[in-house]
Amino acid sequence: MKIRKAVIPAAGLGTRVLPASKAMPKEMLPIVDKPAIQYIVEEAVASGITDILIITSRGKTTVEDHFDRAPELEAKLLASGKQRTYDEIVGISKLANISYIRQKETKGLGHAVLCAKAFVGDEPFAVLYGDDVVIGGEEPAVKELCEAYEKYNLSVAGIKKVEIDQISKYCSLKVEDMNDEQGILKVTDMVEKPMPHQVMSNYSILGRVVLPPQIFPILEKTAPGANGEIQLTDAMKVLAQTEGMVGRQFSGDRYDMGNKFGILQAIVRVALE
Ligand code: UTP
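Residues numbered from 1 in each chain as written. Predicted model: local features only at pLDDT ≥ 70, side-chain atom pairs only at ≥ 80, totals over all residues. Heavy atoms only, no water.

Quick look at the site of the ligand
Phase 1: Close to the ligand lie 18 residues, the nearest being G12, G14, T15, Q103 and G108.
Phase 2: A distance of 2.9 Å separates an oxygen atom of the ligand from a polar backbone atom of A11.
Phase 3: Here an oxygen atom of the ligand sits 3.4 Å away from a polar atom, N or O, in the main chain of K107.
Phase 4: Surface burial for the ligand is 86%, taken as the share of its 580 Å² of free accessible area covered by protein chains.
Phase 5: Taking a 2 Å distance to the grid points as the criterion, the majority of the atoms of the ligand fall inside the largest pocket.
Phase 6: Residue composition of the shell around the ligand, by class: 6 nonpolar, 7 polar and 5 charged. (Near = heavy atom within 4 Å. Polar contact = N/O pair within 3.5 Å; in protein donor to acceptor, adjacent residues only side chain to side chain. Areas by Shrake-Rupley, 256 points an atom, 1.4 Å probe, with all protein chains shown as cover. 1 Å grid on protein atoms, 1.4 Å probe; cavity = no way out; pocket = protein on both sides within 12 Å on 5 of 7 lines; lining within 4 Å. Sits in = over half its atoms within 2 Å of the grid points. Nonpolar A, V, L, I, M, F, W, Y, C, P; charged D, E, K, R; others polar.)

Details of the layout of surface pockets
Phase 1: Computed from the structure, the largest pocket encloses a volume of approximately 1500 Å³.
Phase 2: Together, 48 residues line the largest pocket, and R16, D131, K169, R254 and D256 are the ones closest to its centre.
Phase 3: Secondary structure elements with two or more residues in the lining of the largest pocket: helix 5 (109-114), strand 8 (155-161), strand 11 (203-211), strand 13 (253-256) and helix 10 (260-272).
Phase 4: Looking at the lining of the largest pocket, its residues break down into 15 nonpolar, 17 polar and 16 charged.
Phase 5: Looking at the second largest pocket, its volume works out to about 250 Å³.
Phase 6: What lines the second largest pocket is a set of 20 residues, among which G12, L13, S57, R58 and K60 lie closest to the centre.
Phase 7: Class assignment of the residues belonging to the lining of the second largest pocket gives a composition of 6 nonpolar, 8 polar and 6 charged. (Points joined across faces, edges and corners; volume = space filled by probe spheres on them. Helix = DSSP H or I, 4+ residues; strand = E, 2+ residues; numbered from the N terminus.)

Examining the packing of aromatic side chains
Phase 1: Scanning the entire structure with this criterion turns up 1 aromatic pair.
Phase 2: Summarising the aromatic geometry, the rings of F125 and F216 are spaced 5.4 Å apart at their centres and angled 10° between planes, so their arrangement reads as stacked. Of this pair, F125 sits in strand 6 (residues 125-128) while F216 sits in helix 8 (residues 215-221); the two residues are 91 residues apart in sequence, bridging distant segments of the chain. In terms of burial, F125 and F216 fall into one category: buried.
Phase 3: Positioned above the aromatic ring of F119, the side-chain terminus of K5 is 5.3 Å from the ring centre.
Phase 4: Here the guanidinium or amino end of K160 rests over the ring plane of F250, the centre of that ring lying 4.7 Å away. (Phe/Tyr/Trp six-rings, centres within 6.5 Å; stacked < 30°, edge-to-face > 60°. Buried < 20%, exposed > 50% of the residue type's maximum accessible area, 1.4 Å probe, protein only. Lys NZ or Arg CZ within 6 Å of the ring centre and 35° of its normal.)

Everything listed here is a matter of coordinates, which is why it stays silent on function.
Next comes the structure, spelled out in structure tokens:
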């Protein structure tokens, strides 16, 4: 089934990027001249996604304003002959059918995804974490995941190896080789923010997944886990151990806009290009 819907959780408090994220959503922090979340929406659109739900929270209305029309600004640009800038600005509001829902309490990524239940309905969907930007690569990252979903008809985790001494900040996956020509791996287990004895590999899920609607009844039953939050990883583990799951090593470079070093790396990369 072709994937046409995507969910972008962007309701987190961004405590690792304070004070920048106090009044400004971290998802709106610019990489040179474009907010991080626009890169993410553009990746979804370039992957064939037409309908996007952004999960927001209090103090994040600038995200909605960014993807809306801006009549006064547009009129001014036209009147001063800045046609190219006008086209670019209007283009942002036409990227996709974007809707919004507020996560009323920041209870974790799993809880944020659960807020998308009515929007998703009965079809598979992509999740693009609002603070993970992927730059470069052979294809847009979510497109690579959607192709893997169509190939295996199973949930897909976007995976990469991380430095082993950093794995406790991520999730750790148990994977098996499938002899897939694109290096797609079978995912059989996972643990969020592992203690040293829980580490199964240095493969982690980095900001992109494709899930079936069966994730929702699992999320409804998922108790708070690491950091006291309802973790998407805990629900995905159930899917991996029942229906099965694959891991696609996407080709682009992932930048973590949720921490200061990641933001700096993304800015330098784009600035040099
Ligand atoms: P993170 O855990 O990286 O975001 O979640 P955070 O909670 O904002 O981070 P810190 O630790 O306080 O700095 C990954 C993505 O999930 C969203 C975040 O906005 C981010 O894009 N998220 C997280 C939600 O939408 N809701 C939540 O309750 C938690």
